[in-house]
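Structure assessment
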Amino acid sequence: MTRLAIVIKERCNPIGCGNYLCARMCPVNREGKDCIIPSPNHKALIVEKLCTGCGICPNICPFDAIRIINLPEELTKQPVHRYGENEFVLYSIPTPLFGNVTGIVGVNGIGKSTAVKVLAGVLHPNFGDFKAELPDEKEYYNRIIRYFKGTQAQGFFENVRKGKVKIAYKPQQVELIPRNAKGKVMDLLKNVDEKGLLDSVSDELQLSQILDNDISEVSGGELQRVAIAATVLKGASIYIFDEPTSYLDIKQRINASRLIKSLVNEKSSVLAIEHDLVILDHMTDMVHIMYGREACYGIVSAVKPTRNGVNSYLSGYLREENVRFRESTIKFNERPPVKLHLKEQLVSWDNIEKKLGKFSLKASSGEIKKGDMIGVLGENGIGKTTFVKILANVIKQDKGDISKKIKVSYKPQYIESSDRTVGEALKTAFEKYENQLINPLFIRPWALKKVSELSGGELQRVAIAECLQKEADLYLLDEPSAYLDSEQRLVASKVIRDFIDHKGASALIVDHDLLFIDYISDRLMIFTGKPAINGNVEGPFAMEEGMNKFLKELGITLRRDKESNRPRINKPDSRLDREQKESGKYYYV
Ligand code: SF4
């Protein structure tokens, strides 16, 4: 067995626990040895060689900061990389396959970005020896080639050393790009355009309108598309995309995935980390699953054909490796039961018009019933938030009628952090909804943490709970799946649906993850128009009618996977795609 002792530094709080409670209770320390000691940065430091794995310290730490993990040696020969003492360990990396788009799927904090950074040459692995000095370039390649001897990765790194493989890499955190890149979007893209495709790629990614803008002025979704364009335009043999669809709406996700797919030929390969399972399934030919334990260690599975890989991921079991990495299987019903019995109206509207600067919004007529779960689909910047603010009487429409004033609780798309602790922000949820919100969203360990110190995924879960803990007639959740990994998205969709059903309230859920919307909604509203110019509110429609409208606009058809029941995009021009388009059934029934 290999024993790992992990201390989650952000959680370890020796002042809060009364001066290293773990060290005081550790039986090895009590024998006079130094198994747990204070580190120079005032956090607990656990000496793995002395740890007997008794399991006392992880249970006794009031901040859930310690993990002691025993791993079978065959899984963990020599690490590829370890960040430091008592820190995350990566045990393997994926392999780029020429002629294929290979996806990587796994929960947040399992080492996906670390693994692709090693392949991209952005991170030089230390093979577990985090104290050693970094070797020079020559010695680095000698070591990495020796480490991967006998595997496909050996050939890959030999070719990188010989300069035969050129890598283009899109990092995860596109919001950091303006720190290093300066100037107009057009000039930045021209500098990397080794293929002379700037015009067509800008068209495909809908960037033409912002080419003259300074990079410091563009939004998150625009930055993502600029970063994808900059990667696609390079003349590389391996393209790596770390979460290419964050911030993008569905139309942009489909366009980006088409472009990424088109990069592959017999001399090139694409690797992509993706949490939107419908897009991952659509974009990739093969899939690696990364498993292990969040913030502790990560292992890359053997590569699998995409359909089997995604189904294995949902099942939580890797047959070839004989590894169960999740206790439960994630299942989809054909559809959650649709509430046909809803009769009582919550609110209705008639011929609404609103102008905000250059943007104008129109909503003909519609109603929300008590108990409605309505998914909202549409491009970014098309008036979804404006419409809800009108319903909530936060802003007044210029024309038209709203039947009555209702109480709305709203989770915005961009969440503001604050200096309050999570416990303070979620006081009602901790008091009243522990089992419905706090426990299933795994919020308890951050109770004492400041909201401003949370990661994107943590902040999103807190924001969902904060919105739901308030008393309201209508809950509006704007992009609740953003920053969540695929597993957290499925958990969040269930939590939201169960909570609102239980309360008998109504909800509008705006999201760009088709699987999320498909699971959570009974009816659909569609926003059409031109972003930042005009928006039209259509619906609510019955799910099938709304999806048929929306998917037709996108030019895609959906089917259900026979084994897992999850939605899948049909291959363009496949028999099913043609048949469904001819019969007007873009959405499976
Ligand atoms: Fe205290 Fe937990 Fe840190 Fe140990 S790991 S010092 S028990 S906060």
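Source: prediction; values computed, not measured.

Spatially, nine strands are ordered S19-S16-S17-S24-S23-S18-S22-S21-S20 in an open sheet, and the strand pairing comes out mixed. For this open sheet the edge positions go to strand S19 (399-402) and strand S20 (408-411), each flanked by a neighbour on one side alone. Between one strand axis and the next, the sheet turns by 15° as a mean value, whatever way the strands run. Examined bridge by bridge, strand S16 (residues 345-356) and strand S17 (residues 359-369) share ten bridges and lie antiparallel to one another.

All right, on to helix H6 (residues 152-161) then. The complete set of buried residues in H6 reads Ala153, Gln154, Phe156, Phe157 and Val160. Axial view of H6: buried residues confined to an arc of 165°, hence all on one face. In this structure, the buried residues of H6 make contact with helix H4 (112-120), helix H5 (137-147), strand S8 (167-170) and strand S9 (238-242).

Tallying each qualifying case throughout the model produces 38 salt bridges. The salt bridge involving Asp64 is made with Arg67; its shortest N-O contact spans 3.0 Å. Residue classification places Asp64 among the partly exposed positions, given a relative accessible area of 27%. Between Asp513 and Arg489 there is a salt bridge whose closest N-O contact spans 2.7 Å. With Asp513 in the loop between strand S22 (506-510) and helix H20 (514-520) and Arg489 in helix H19 (residues 486-503), this pair connects stretches of sequence that are 24 residues apart.

Time to look at the packing of H5 against H6. The packing of two helices is summarised by the inter-axis angle and the distance between the axes. Where H5 contacts H6, the two axes come as close as 9 Å, and the packing angle between them is 165°. Classified by the angle their axes make, H5 and H6 are roughly antiparallel. Handedness of the crossing formed by H5 with H6: left-handed. For the pair formed by H5 and H6, the contact residues are Tyr140, Tyr141, Asn142, Ile144 and Ile145 on the first element and Gln154, Phe157, Glu158, Val160 and Arg161 on the second.

Take the domain arrangement of the protein next. Partitioning the protein into domains gives domain 1 (2-71), domain 2 (73-166 + 236-303), domain 3 (174-235), domain 4 (346-540) and domain 5 (555-589). Inter-centroid distance (C-alpha atoms) of domain 4 to domain 5 is 29 Å.

Attention now goes to the site of the ligand. Every residue near the ligand is listed here: Cys12, Asn13, Cys17, Tyr20, Leu21, Cys22, Ala44, Cys61, Phe63 and Ile66. Across the shell around the ligand, the residue classes tally to nine nonpolar, one polar and no charged.

This brings us to helix H13 (residues 306-315). With seven of ten residues buried, H13 is to be regarded as a mostly interior element. Elements in contact with the buried residues of H13: strand S7 (101-105), helix H12 (277-283), strand S11 (286-293), strand S13 (304-305), strand S14 (317-318) and H19. Phi for Gly316, located one or two positions after H13, is positive at around 80°.

Below, the discussion takes up the pairing of S7. With respect to burial, S7 is a largely interior element, five of its five residues being buried. Every second residue of S7 is oriented toward a common face, with Val101, Gly103 and Val105 on one face and Thr102 and Ile104 on the other, all of them buried. Relative to strand S10 (residues 269-273), S7 runs parallel, the two being bridged by four bridges. By the bridge assignment for S10, Thr102 is matched with Leu271. Relative to S11, S7 is paired through four bridges, and the arrangement is parallel. In the sheet register, Gly103 faces S11, and the bridge partner there is Val287.

Glancing now at the nonpolar core. Counting 113 residues, the largest nonpolar core has Phe157, Leu189 and Leu551 as the members making the most contacts within it. In terms of residue count, the dominant contributor to this core is helix H10 (residues 220-232) (seven residues). Those residues within four positions of Leu189 in sequence are excluded, and the remaining contacts are Leu198, Leu207, Leu211, Val226, Ala229, Ala230 and Leu233. Counting residues in each nonpolar core, the second largest holds 35 residues, with Val422, Trp446, Cys467 and Ile500 among its members.

Mapped onto the secondary structure, Glu274 falls in the loop between S10 and H12. Classification of Glu274 as buried rests on a relative accessible area of 2%. As a C-alpha pair, Glu274 and Phe241 span 33 residues in sequence and 8.6 Å in three-dimensional space. Setting aside its immediate chain neighbours within four residues, Glu274 contacts Ile104, Val105, Pro244, Thr245, Ile279, Leu280 and Met283. Looking at Glu274, its side chain comes within polar contact range of the side chain of Thr245, at 2.7 Å. For Glu274, the side chain forms a polar contact with the main-chain nitrogen of Asp276, separated by 3.0 Å.

The subject of this paragraph is the packing of helix H8 (residues 185-192) against H10. Relative to each other, H8 and H10 sit at 25°, their axes nearing to 8 Å. Relative to H10, H8 is oriented roughly parallel. Remark: the crossing between H8 and H10 carries right-handed chirality. Between H8 and H10, the contacting residues are Val185, Leu189 and Val192 on the first element and Val226, Ala229 and Ala230 on the second.

Conventions and cut-offs
- Residues numbered from 1 in each chain as written.
- Predicted model: local features only at pLDDT ≥ 70, side-chain atom pairs only at ≥ 80, totals over all residues.
- Heavy atoms only, no water.
- Pairing = 2+ DSSP bridges.
- Helix = DSSP H or I, 4+ residues; strand = E, 2+ residues; numbered from the N terminus.
- Axes fitted to C-alpha atoms, helices over the stretch in contact; angles between N-to-C directions.
- Buried < 20%, exposed > 50% of the residue type's maximum accessible area, 1.4 Å probe, protein only.
- Arc of directions from axis to C-beta.
- Contact = heavy atoms within 4.5 Å.
- Salt bridge = Lys/Arg side-chain N within 4 Å of Asp/Glu carboxyl O.
- Parallel < 35°, antiparallel > 145°, perpendicular 65-115°, else oblique.
- Left-handed = near helix turned anticlockwise from the far one by under 90°.
- Domains from an automatic or database assignment.
- Near = heavy atom within 4 Å.
- Nonpolar A, V, L, I, M, F, W, Y, C, P; charged D, E, K, R; others polar.
- Core = buried A, V, L, I, M, F, W, Y, C linked by side-chain atoms within 4.5 Å.
- Polar contact = N/O pair within 3.5 Å; in protein donor to acceptor, adjacent residues only side chain to side chain.

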